[in-house]
Amino acid sequence: MRITLIHALKHSIAPIEAAFAKLWPDAQLMNLLDDSLSADLAHDGGLSAAMTERFLALGRYATGTGSDAILFTCSAFGPCIEAVARAHAPMPVLKPNEAMIEQAVAQARTIGLLSTFPPTLASMPQEFPASVKIVPKLAEGALAALDRGDRAEHDRLVAEASKDLADCDLIALAQYSMAPAAALVAEASGRPVLTTPDSAVTKLKQRLL
């Protein structure tokens, strides 16, 4: 099976490749990176028709290579990804968070949503059903640390921020780039932790095999 992984942040590549190596090592992966997507979203302050068209172009490219499925790893672009899914149905086109959201809703009623990218906290809570309570939390400075190449400081800031979510049933890490901090978050918060890469790989494998 050939899976196209489409990224808006270069930091997402290693965590999702690690999840595939652990959970589905036989999958053939293709990475597409456009790191201007996140910068343009932050600059524009919201999604636009032009942004949706950029995502549709990425989807057309991926399907043109013979991909069996597309997994987006960029968490702030839900409506754009939904447009790609409609354009290429019934081929699996997954938003980065949908599998983790399904897992979280099945396990908890109060979910701490921890993010390092502010636009994600504007868009992602809407993807959860109204039956659960979402407690959003930004790990301030963590993404800047990762951009500097300081993974240890990123993980420390993420774990520190998670302490404010200790009253939640579980904590969902919104960014793929946050997955390596999962163990530290669990230790700091005392709560179960879900990561987007592991959940996404598990769902894709179930749908395609």
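The sections below set out a description of the structure shown in this document. The residue numbers shown here count from 1 along each chain, following its written sequence. Local features in this predicted model are restricted to residues of pLDDT 70 or higher, and side-chain atom pairs are both shown and tallied only at a pLDDT of 80 or more, whereas totals for entire chains, interfaces and linings draw on every residue. Side-chain numbers here rest on the full set of heavy atoms in the structure, without hydrogens or water.

**Here we look at the pattern of salt bridges**
Pairing is possible between side chains that carry opposite charge, provided their charged atoms lie close to one another.
Move 1: Each salt bridge in this description consists of a side-chain nitrogen of Lys or Arg and a carboxyl oxygen of Asp or Glu lying within 4 Å of one another. Tallied over the entire structure, the rule returns eleven salt bridges.
Move 2: With a shortest N-O distance of 2.8 Å, D40 and R54 are connected by a salt bridge. With D40 in helix α2 (residues 36–44) and R54 in helix α3 (residues 49–64), this pair connects stretches of sequence that are 14 residues apart.
Move 3: Looking at D40, the relative accessible area reads 28%, which means it is partly exposed.
Move 4: When the shortest N-O distance is used, the salt bridge between K95 and E82 registers 2.7 Å. On the criterion of sequence distance, the pair formed by K95 in the loop between β4 (93–94) and α5 (98–107) and E82 in helix α4 (residues 78–88) is long-range, its members being 13 residues apart.
Move 5: You can call K95 buried: its relative accessible area is 14%.
Move 6: The class of E82 is partly exposed, set by a relative accessible area of 34%.
Move 7: The structure contains a network of salt bridges with shared partners spanning D34, D40 and R54. Secondary structure elements follow DSSP: runs of H or I of four or more residues count as helices, runs of E of two or more count as strands, with numbering from the N terminus. Categorising residues by exposure relies on relative accessible area from a 1.4 Å probe, with only protein chains included: less than 20% of the type maximum marks a residue as buried, more than 50% marks it as exposed, and the intermediate range marks it as partly exposed.

**Overview of the state of the cysteines**
Move 1: Throughout, disulfides are identified as pairs of cysteine sulfur atoms within 2.5 Å of each other. According to the stated counting rule, one finds zero disulfides in the structure shown.
Move 2: Residue C74 stays outside any disulfide, its sulfur separated by 8.7 Å from that of C80, the closest cysteine.

**Some thoughts on the sheet that holds strand β3 (residues 69–72)**
Move 1: DSSP bridges decide pairing: two strands pair if at least two such bridges lie between them. As summarised here, the arrangement of the four strands in space is β2-β1-β3-β4, forming an open sheet in which the pairing is parallel. Looking along the sheet, the strands with just one partner apiece sit at the ends: β2 (28–33) and β4.
Move 2: Inspection of the sheet shows strand β1 (residues 2–7) paired to β3 by four bridges, in the parallel sense. Note on β3: the bridge partner recorded for L5 is L71.

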